[in-house]
Amino acid sequence: MTQSPALQLPPPKERRRLREAASLTRAQLASRVGVTSETVRGWETGRATPRGRKGEKYARLLNSLGAGREVTESHVSVATTDRGRASARGRGARSRPPARDRDRPHVADRGRAPAPDRGRTTPRVTLADLSRGPGRAKPPHRPDDATSALAPEQAFDALYAFCAPALVRQTYLLTGRRELARESVERAFQIAWHRWPEVARDRDPAGWVRAVAYECALSPWHRLRPRYRHPEPPPPDVFDRALMDTLLRLPPSYRRTLLLYDGVGLGLPETAAETEASTRAAVNRLMHAREAVAERLPELADPEVLHWRLVELASTERLRAAKPLVVRQAGERRARLWTRAAIAFTALLIGTTMLTVRTAPTRYEPPVPPGETVQGVPPPIAPGPLSESERDLRSKLRKEQQRGPDRLMPQPR
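Residues numbered from 1 in each chain as written. Predicted model: local features only at pLDDT ≥ 70, side-chain atom pairs only at ≥ 80, totals over all residues. Heavy atoms only, no water.

The subject of this paragraph is helix H8 (residues 152-175). Roughly 40 degrees is the biggest bend found in H8, and it falls at Cys163, with proline Pro165 one to four residues downstream. With 17 of its 24 residues buried, H8 lies for the most part within the structure. Gly176 lies just past H8 and shows a positive phi near 75 degrees. (Bend = angle between axes of the 7 residues up to and from the residue. Helix = DSSP H or I, 4+ residues; strand = E, 2+ residues; numbered from the N terminus. Buried < 20%, exposed > 50% of the residue type's maximum accessible area, 1.4 Å probe, protein only.)

Listed below in structure tokens is the structure:
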């Protein structure tokens, strides 16, 4: 792999100042570059360094923002100089050109946003939807702002609206099953709501939920469920069917790495961290996955073309996620059910222990040793029928017992 030359980027604080001076949110800037808002945050705080094509695009965007700001400041200074010599109406007329110039960089960048970029698949669509509409006065809530400015329910709903549509399409590319994709995403958000304090403090809540959704979707236990034993109908397009079949033939780890890097647009360190592998292992998985795809579909040997084909394949399916309120209520019902089951099991265990303590012996009782067989003893014989003399003797003895025995007198000598 070749490394790109060092990018001429301003310091991290200057990057944030340029973005705020242009009235751009992190989500809007991320949609233009083709990365997540958390990646932009890392670039602005200095925790991460822009590299590759994303870094070059980010540098060009910052340079255009800086040039636009210089033009704006020059117009503002000219307008301030002429302000004292003009009337109120003239001042308003001279102050308009700087406003138009101030918006000009945004129009230019907006036109370059859909340029082919290997960074993202469906999250780009989600970010574009969130930042669509130049007439909005108030930007939409983003996941990084929700935890600090909103209530837990509102923050969860904002995160769900931000990530769920893209995650459903991504899990569909992982599994090839529409219902399993929706179920995995809903289950991931239910776990996130159950552990919301941890998720809210995480530096990347969207990545946290994405990792859980991928784990739920790729669980091997789904093959034991009757509803998932038979494949679902494939996409209608022939090339989409071939691409989906190629993806499903890859091992789950290769498929996940390919989707994160060539689909979502994560860097190699982030991809390795999310797949719980080393960077070298992530590179090997990515290269083998690309080779397998290129072997079956030679026209997708270019990673750029592969990226846009993944975007198109995910966009062809009309996959809709449930409402956030429904997901939260389902998660709460599930938590209550498991809590009651745990309480019932604990009560049963306590009752069984008390019964055992009550009925168990209080002292040691030595066990009875097993008996030994005695040799040489004749077997017991049952008495047979009595003879005539034995019957007479028996009757005589019975009569003597009733009258008493005769008194014995000693014989004189």
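Back to the write-up after that little detour.
The subject of this paragraph is unusual backbone geometry. Positioned with a positive phi, Glu276 is a non-glycine residue whose angle comes to about 55 degrees. The exposure class of Glu276 is exposed, given its relative accessible area of 71%.

What follows concerns the nonpolar core. Counting 52 residues, the largest nonpolar core has Leu173, Phe189, Val209 and Leu258 as the members making the most contacts within it. Broken down by secondary-structure element, the contributors of at least two residues to this core are H8, helix H9 (178-194), helix H10 (196-201), helix H11 (205-217), helix H12 (238-249), helix H13 (252-264), helix H15 (279-296) and helix H16 (303-316). With 13 residues, the single largest contributor to this core is H8. What Leu258 contacts, discounting residues up to four positions off in sequence, is Leu247, Leu250, Gly263, Leu286, Ala289, Arg290, Val293 and Leu306. Judged by nonpolar contacts, the second largest core, of 13 residues, contains Ala30, Val40, Trp43 and Leu65. (Core = buried A, V, L, I, M, F, W, Y, C linked by side-chain atoms within 4.5 Å. Contact = heavy atoms within 4.5 Å.)

Now for helix H3 (residues 37-45). Counted residue by residue, H3 has 7 buried out of 9 residues, so it is predominantly covered. Residues Ser37, Glu38, Val40, Arg41, Gly42, Trp43 and Glu44 constitute the buried set of H3. After H3 finishes, the residue Gly46 shows a positive phi value of roughly 90 degrees.

Mapped onto the elements of the fold, Gly176 is located in the loop between H8 and H9. Gly176 sits 71 residues away from Leu247 along the chain, and the two C-alpha atoms are 8.7 Å apart. When near neighbours in sequence (up to four residues on either side) are disregarded, Gly176 contacts Thr171, Glu232, Met244 and Leu248.

Applying the stated criterion across every chain yields a total of 17 salt bridges. The salt bridge involving Arg19 is made with Glu44; its shortest N-O contact spans 2.5 Å. With Arg19 in helix H1 (residues 12-21) and Glu44 in helix H3, this pair connects stretches of sequence that are 25 residues apart. Take Arg19 and Glu44: they sit in the same class, and that class is buried. (Salt bridge = Lys/Arg side-chain N within 4 Å of Asp/Glu carboxyl O.)

With that out of the way, let us pick up the packing of aromatic side chains. Here the structure, examined in full by the defined rule, presents 7 aromatic pairs. Measuring from centroid to centroid gives 4.6 Å for Trp43 and Tyr58, while their planes differ by 45 degrees, and the two rings are tilted. Of this pair, Trp43 sits in helix H3 while Tyr58 is found in helix H4 (residues 52-82), placing the two residues 15 residues apart along the sequence. We classify Trp43 as buried; its relative accessible area is 5%. When the ring of Phe156 is compared with that of Trp196, the centres are 5.9 Å apart and the planes differ by 80 degrees; the resulting orientation is edge-to-face. Here Trp196 lies in helix H10 and Phe156 lies in helix H8, a separation of 40 residues in the sequence. Members of the aromatic cluster, joined through ring pairs, are Phe156, Tyr160, Phe189, Trp193 and Trp196. Lying across the ring of Trp193, Arg328 places its NZ or CZ 5.7 Å from the centre. (Phe/Tyr/Trp six-rings, centres within 6.5 Å; stacked < 30°, edge-to-face > 60°. Lys NZ or Arg CZ within 6 Å of the ring centre and 35° of its normal.)

Take the packing of helix H2 (residues 26-33) against H3 next. The interhelical angle for the contact between H2 and H3, taken along N-to-C directions, is 100 degrees, at an axis separation of 8 Å. By the criterion of interaxial angle, the relationship of H2 to H3 is roughly perpendicular. Taking contact as the criterion, the partners of Arg26, Ala27, Leu29, Ala30 and Val33 in H2 are, on H3, Ser37, Val40, Arg41, Trp43 and Glu44. Its residues placed into classes, the contact of H2 with H3 shows 6 nonpolar, 1 polar and 3 charged. (Axes fitted to C-alpha atoms, helices over the stretch in contact; angles between N-to-C directions. Parallel < 35°, antiparallel > 145°, perpendicular 65-115°, else oblique. Nonpolar A, V, L, I, M, F, W, Y, C, P; charged D, E, K, R; others polar.)

A separate point is the side chain of Lys57. Mapped onto the fold, Lys57 is located in helix H4. Polar contacts involving the side chain of Lys57 include one to the main-chain carbonyl oxygen of Arg32, which spans 2.8 Å. (Polar contact = N/O pair within 3.5 Å; in protein donor to acceptor, adjacent residues only side chain to side chain.)

Here we take up the environment of Gly66. Here Gly66 shows up in helix H4. Overall, Gly66 belongs to the buried group, its relative accessible area being 18%.

The description of two helices packed together rests on the angle between their axes and the distance between the axes. Two numbers describe how H1 lies on H3: the axes approach to 6 Å, and their chain directions differ by 125 degrees. By the criterion of interaxial angle, the relationship of H1 to H3 is oblique. Contacts between H1 and H3 pair Pro12, Lys13, Arg15, Arg16 and Arg19 from the former with Trp43, Glu44 and Thr45 from the latter. In terms of residue class, the contact of H1 with H3 is made up of 2 nonpolar, 1 polar and 5 charged.

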